[in-house]
Amino acid sequence: MELEKSLVSGSMSLLVLKLLEGGDLYGYQMIEELRRQSGDAFRLKAGTLYPLLHGLEEKGFVTAYEQTAESGKTRRYYHLTKQGHQALRDKETAWDAYARAVGRVLKGGACLAGA
């Protein structure tokens, strides 16, 4: 089942920050890891990922550095900063509240208010 693009785009920075929490990655690794972890639900394109990464970098949530692989190819890796860790925690908290609220509405609202 293909996910609605508006649902995906609103959560993508959260997902990218979460990937980087596990360690530094370069773009293609992020695309593949996101696809793998989501069971093929998220198929991010480079044209979507790199502007997102640049925005996260401008906010100070990630830093980037270049490293040469054994193949001789230079790759740009992204690293989660201290500010990025805090942003991730904040986004996770906001997402949890949002998901609970959506769940309550989908399951009938007020009758689950204590859940």
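Scoring rules and cut-offs
- Residues numbered from 1 in each chain as written.
- Predicted model: local features only at pLDDT ≥ 70, side-chain atom pairs only at ≥ 80, totals over all residues.
- Heavy atoms only, no water.
- Helix = DSSP H or I, 4+ residues; strand = E, 2+ residues; numbered from the N terminus.
- Buried < 20%, exposed > 50% of the residue type's maximum accessible area, 1.4 Å probe, protein only.
- Contact = heavy atoms within 4.5 Å.
- Expected span 1.5 Å × (residues − 1).
- Phe/Tyr/Trp six-rings, centres within 6.5 Å; stacked < 30°, edge-to-face > 60°.
- Salt bridge = Lys/Arg side-chain N within 4 Å of Asp/Glu carboxyl O.

A. Broad picture of the overall build of the protein chain. For the protein chain, the helix and strand inventory stands at 4 helices and 3 strands. With 115 residues in all, the protein chain has 28% of them scored as buried. Contacts spanning at least 24 positions in sequence make up 47% of the contacts within the protein chain whose residues lie at least 6 apart.

B. Molecular detail of helix H4 (residues 82-106). For H4, with 25 residues, the first-to-last C-alpha span of 36 Å sits near the 36 Å given by 1.5 Å per residue. Once H4 ends, the next one or two residues include Gly108, with phi positive near 115°.

C. Seen up close, the packing of aromatic side chains. This structure, assessed with the given rule, holds 3 aromatic pairs. When the centroid spacing of 5.3 Å and the interplanar angle of 85° are considered together, the rings of Tyr26 and Tyr77 count as edge-to-face. Highlighted residues: Tyr26 in strand E1 (residues 25-26) and Tyr77 in strand E3 (residues 74-80), separated in sequence by 51 residues. Residue Tyr26 shares its accessibility class with Tyr77, and that shared class is buried. Here the aromatic rings of Tyr65 and Tyr77 are separated by 5.7 Å at their centres, their planes lie at 15°, and the arrangement is stacked. Here the residue Tyr65 occupies a position in strand E2 (residues 62-68), and Tyr77 occupies one in strand E3, the gap between them amounting to 12 residues. Residue class for Tyr65 comes out partly exposed when judged on its relative accessible area of 30%. Taking relative accessible area as the criterion, Tyr77 reaches 15% and is therefore assigned buried.

D. Structural detail: the pattern of salt bridges. Scanning the entire structure with this criterion turns up 8 salt bridges. A salt bridge links Arg35 to Glu32; its shortest N-O distance comes to 3.0 Å. In this pair, Arg35 and Glu32 are both assigned in helix H2 (residues 27-37), 3 residues apart and thus about one turn of the helix distant. Residue Arg35 is classed as partly exposed on the basis of its relative accessible area, which comes to 30%. The class of Glu32 is partly exposed, set by a relative accessible area of 26%. For the salt bridge of Arg43 with Asp40, the shortest nitrogen-to-oxygen distance reads 3.7 Å.

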